[in-house]
Structures are given as structure tokens and as C-alpha cells.
Amino acid sequence: MKQLMKTWISSMLGALLILATITPASAETGVGILPINGTVSGELTESDSSKIYNLTLEEAGRFTIDVTSSVSNRAYIEFVDEYNDTVYSDALYGSAETPAREVTSIDLEKGNYQFMIYDDYGKDDVGKFKISTRFSPMKTNDQEPNNGTAQAQKLAFGKKH
């Protein structure tokens, strides 16, 4: 009986060790954080042709994103909200010798967003990129839901908020 118990414990510890070293398939790997009022740099390679960055805004405001791309030929950028709706997208055509640059300001609500930069075809558009961000919160007393006359809030005219 003791031998059977030792064998069972040994088997369970081995199984636990194996499970601890396996990364779940559902885990987000390779997803970075897009800093608010900061900069992040990266590189697209043949083996890693896309980069994803998460962003969380705690309040509504104007978000400015400045992308400089030395990716050869073409890099696509896409900014999506938490419902996977595209907020902004563009293609940047550049190279190491002549980097492409795109600066865009977007008014965003509080919530979660993802920024992606990628090569969508052939995985041969490689190179470095830099993403800088700025955020200015909106100073307002507007509260949601405020979508119809029944929910509309009274606005105080002539007062500073």
C-alpha cells in the first residue's frame, strides 16, 4: 500500500510540474502596453510581422498618436475599441532611408483600446517603428447615458467646469 501511495504521489507531482510549464493557448502573448503620454519602440520581422499594444483610458479625452515607421515598403496601423470597431486605420509607406510618419488626434471615451501595427501580406515588410502618445482629458460634466430627451441632463450655461 505504501508503494502504491508513493507511486501515486510521484505521478501527481510529475503531472503538476508538466501543467505548470505549459502556457495556455488562450493567454495573450506578445501583447504590450501602449503608454499614455509616453513612447514605445518595436520592430516587425519576418517571424514576427505584427505587434499589438493595449491601452486603457480612465476618462474621456483627446488622444494623439504619433507613429514613425522605418518598415520597408508598407506597414498598416489600426486602432480599435473594446468592441473591436475600428477607430482609426492607415497604411504607412516608408523605409529605413525615408521613414513614414503619421500623427493623428482622436476624441475617445473612457475604455479599453488596442493599437496594432502589422504587415498584412507576405511578411516581408520588416523594420523598426516608434509610437509616441499624448492624452488630454476633457473637462466636462457630461454623464452617460445622455442619449435622448428622457435621459438628457441639464447643462449649466455660463459656468466653467
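Residues numbered from 1 in each chain as written. Predicted model: local features only at pLDDT ≥ 70, side-chain atom pairs only at ≥ 80, totals over all residues. Heavy atoms only, no water.

As a further point, take the pairing of strand β2 (residues 39–44). Burial along β2 is one-sided: the residues Val40, Gly42 and Leu44 are buried and none of Thr39, Ser41 and Glu43 is. Of the strand pairs in this sheet, β2 and strand β9 (residues 127–137) are connected by six bridges, and their pairing is antiparallel. Its bridge partner lying in β9, Val40 is registered against Ile131. (Buried < 20%, exposed > 50% of the residue type's maximum accessible area, 1.4 Å probe, protein only. Helix = DSSP H or I, 4+ residues; strand = E, 2+ residues; numbered from the N terminus. Pairing = 2+ DSSP bridges.)

An order of β1-β3-β8-β5-β6 is seen for the five strands of this open sheet, with the pairing classed as mixed. Either end of the sheet is taken by a strand with one partner, and the two such strands are β1 (31–33) and β6 (86–94). For this sheet, the mean inter-axis angle between neighbouring strands, taken without regard to orientation, is 20°. The pairing of strand β5 (residues 73–81) with β6 spans eight bridges and is classified as antiparallel. Within β6, the position partnered with Ala75 by the bridge is Leu92. (Axes fitted to C-alpha atoms, helices over the stretch in contact; angles between N-to-C directions.)

Attention shifts here to the side chain of Thr104. Examined against the element boundaries, Thr104 turns out to sit in strand β7 (residues 100–108). Among the residues examined, Thr104 registers a relative accessible area of 10% and is labelled buried. A distance of 3.2 Å separates polar atoms of two side chains, one belonging to Thr104 and the other to Tyr88. In this structure, Thr104 is in contact with Phe63, Thr64, Ile65 and Tyr88, ignoring residues within four places of it in sequence. (Polar contact = N/O pair within 3.5 Å; in protein donor to acceptor, adjacent residues only side chain to side chain. Contact = heavy atoms within 4.5 Å.)

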